[in-house]
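A closer look at the structure
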Amino acid sequence: MKVVSENKCFDGVQGVYSHASEACGCDMTFGLFLPSLAQEVEVPVLWYLSGLTCTHENAMVKAGAQVWAEEAGIALVFPDTSPRGDHVADDDAYDLGKGAGFYVNATRDPWAPNYKMWDYITQELPNLVRSEFALDMDRQSITGHSMGGHGALTIAMRLQERFASVSAFAPICNPSKTEWGQKQLGAYLGQDKALWSQHDASHLMRENGFDGPILIDQGASDQFIDLLCPEAFALAVAERRQEATLRLQKGYDHSYFFVSSFMEDHIAFHSDALYSR
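Described below are features of the structure shown in this document. (Residues numbered from 1 in each chain as written. Predicted model: local features only at pLDDT ≥ 70, side-chain atom pairs only at ≥ 80, totals over all residues. Heavy atoms only, no water.)

**Things to note about the nonpolar core**
Within the largest apolar cluster, 89 residues are counted, with the highest numbers of intra-cluster contacts made by F30, W47, L135, I142, Y188 and F233. Looking at which element gives the most residues to this core, the answer is helix α10 (residues 256-275), with eight residues. In contact with W47, not counting residues within four places along its chain, are V77, P79, L125, P126, V129, M137, Q140, S141, I142, T143 and F163. (Core = buried A, V, L, I, M, F, W, Y, C linked by side-chain atoms within 4.5 Å. Buried < 20%, exposed > 50% of the residue type's maximum accessible area, 1.4 Å probe, protein only. Helix = DSSP H or I, 4+ residues; strand = E, 2+ residues; numbered from the N terminus. Contact = heavy atoms within 4.5 Å.)

**Quick notes on a nonpolar patch on the surface**
Nonpolar side chains collect at one region of the surface, where L37, V41 and Y275 lie side by side and expose about 230 Å² of accessible area between them. Tracing the chain through its elements places Y275 in helix α10. (Patch = residues over 30% accessible without salt bridge, like charges linked within 9 Å, V, L, I, M, F, W, Y side chains within 5 Å. Areas by Shrake-Rupley, 256 points an atom, 1.4 Å probe, with all protein chains shown as cover. Salt bridge = Lys/Arg side-chain N within 4 Å of Asp/Glu carboxyl O.)

**Some words on helix α5 (residues 179-189)**
Counting buried residues along α5, eight of its eleven residues qualify, which places the element largely inside the surrounding structure. Every buried residue belonging to α5 is among W180, G181, Q184, L185, G186, A187, Y188 and L189, and all of these are buried. Residues of α5 that are buried make contact with α6 (193-197) and α8 (225-228). With its phi angle positive at about 80°, G190 sits one or two positions after the end of α5.

**Details of the layout of surface pockets**
Empty space within the largest pocket amounts to approximately 160 Å³. In terms of lining, the largest pocket is formed by G51, L52, T53, C54, Y94, H145, S146, W180, F224, H254, S255 and Y256. The residue inventory of the lining of the largest pocket, partitioned by class, reads six nonpolar, six polar and no charged. (1 Å grid on protein atoms, 1.4 Å probe; cavity = no way out; pocket = protein on both sides within 12 Å on 5 of 7 lines; lining within 4 Å. Points joined across faces, edges and corners; volume = space filled by probe spheres on them. Nonpolar A, V, L, I, M, F, W, Y, C, P; charged D, E, K, R; others polar.)

**Description of the packing of helix α3 (residues 117-132) against helix α4 (residues 147-158)**
Their axes nearest at 12 Å, the elements α3 and α4 cross at an angle of 60°. In this view, α3 runs oblique relative to α4, as classed from their interaxial angle. The way α3 lies across α4 gives a crossing that is right-handed. Packed against α3, whose contacting residues are W118, I121 and T122, the element α4 presents T154, I155 and R158 at the interface. (Axes fitted to C-alpha atoms, helices over the stretch in contact; angles between N-to-C directions. Parallel < 35°, antiparallel > 145°, perpendicular 65-115°, else oblique. Left-handed = near helix turned anticlockwise from the far one by under 90°.)

**Side note on the sheet that holds strand β8 (residues 214-219)**
An order of β1-β2-β3-β5-β4-β6-β7-β8-β9 is seen for the nine strands of this open sheet, with the pairing classed as mixed. Since the sheet does not close on itself, it has two edges, and those belong to β1 (2-9) and β9 (245-249), each with one partner. With direction set aside, neighbouring strand axes in the sheet form an average angle of 20°. In this structure, strand β3 (residues 26-34) lies alongside strand β5 (residues 75-78), joined through three bridges in antiparallel fashion. Across the sheet, residue F33 finds its bridge partner in β5, namely L76. (Pairing = 2+ DSSP bridges.)

**Structural notes on the environment of H19**
You can see H19 is positioned in strand β2 (residues 12-21). Under the relative-accessibility criterion, H19 is labelled buried at 8%. Between the alpha carbons of H19 and T29 there is a distance of 6.6 Å; along the sequence they are ten residues apart. Those residues in contact with H19 that sit more than four places away from it in its chain are M1, C26, D27, M28, F30, Y120, E124, L125 and L128.

**Description of empty space enclosed by the protein**
Over the atoms a probe the size of a water molecule is rolled, and this reveals where empty space is left. In the structure shown here, the tally under the stated rule is one cavity of 30 Å³ or more. In this model, the largest cavity occupies a volume close to 40 Å³. In this structure, the largest cavity is lined by W47, I121, T122, P126, Q140, I142, I155, R162 and F163. Of all the elements, α3 adds the most residues to the lining of the largest cavity, at three residues. For the lining of the largest cavity, the residue count by class is six nonpolar, two polar and one charged.

Listed below in structure tokens is the structure:
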């Protein structure tokens, strides 16, 4: 692992690190905020998965999460959203290829050799940060924005013994039924709808649910709301009678202004779950 940068931040340390990824077959970069409490004890971990077109840097710089994570004594991990490099397949569209890994293991060419973001996020990167930093990996939670909210919800519901809580900002909730999802799932996984369902939060809510608290914030003025389908997830939550807090925020759009406005709430939500585990 290579240290790209480390900066003092609200008494903690905001680092950026790179490493050779076996899962993705390329060098990957991630951000990690360690609160000052990590100098004394291992601290709980909150994963933040970013959305389409983003890198590790977007949330790290724009979400305003570090001040609240320092106060709560929680580490933040900011992974990248896709493999990178000249040899990695890409597409001219912003919603496929680099910056759009969708947190799946691609099975179709030309994506299959490198687009193993499920394995990277759920196996390789956790093992790396466990070995390198003062983290309590028995206490983990996960959140994300847009495509990253999709990833957070699907990962939490399929690996729920790992996570104390899950939240999301404007997540893609029903990708197998909408244009924003059918294109990517079809490209990465082919036309096997059984594979698609394992990456659809509304389907997984009906099938698996989540054994813990859920918080979702959605901007009512989000320009992508028809592609996100928050109502599909809300219906699945109601049908399963799942514990969840689903909030529609008047006037807010899809931007990081929206995310940063409610980040304090999400950090506090995860802190309660992590420190009661």
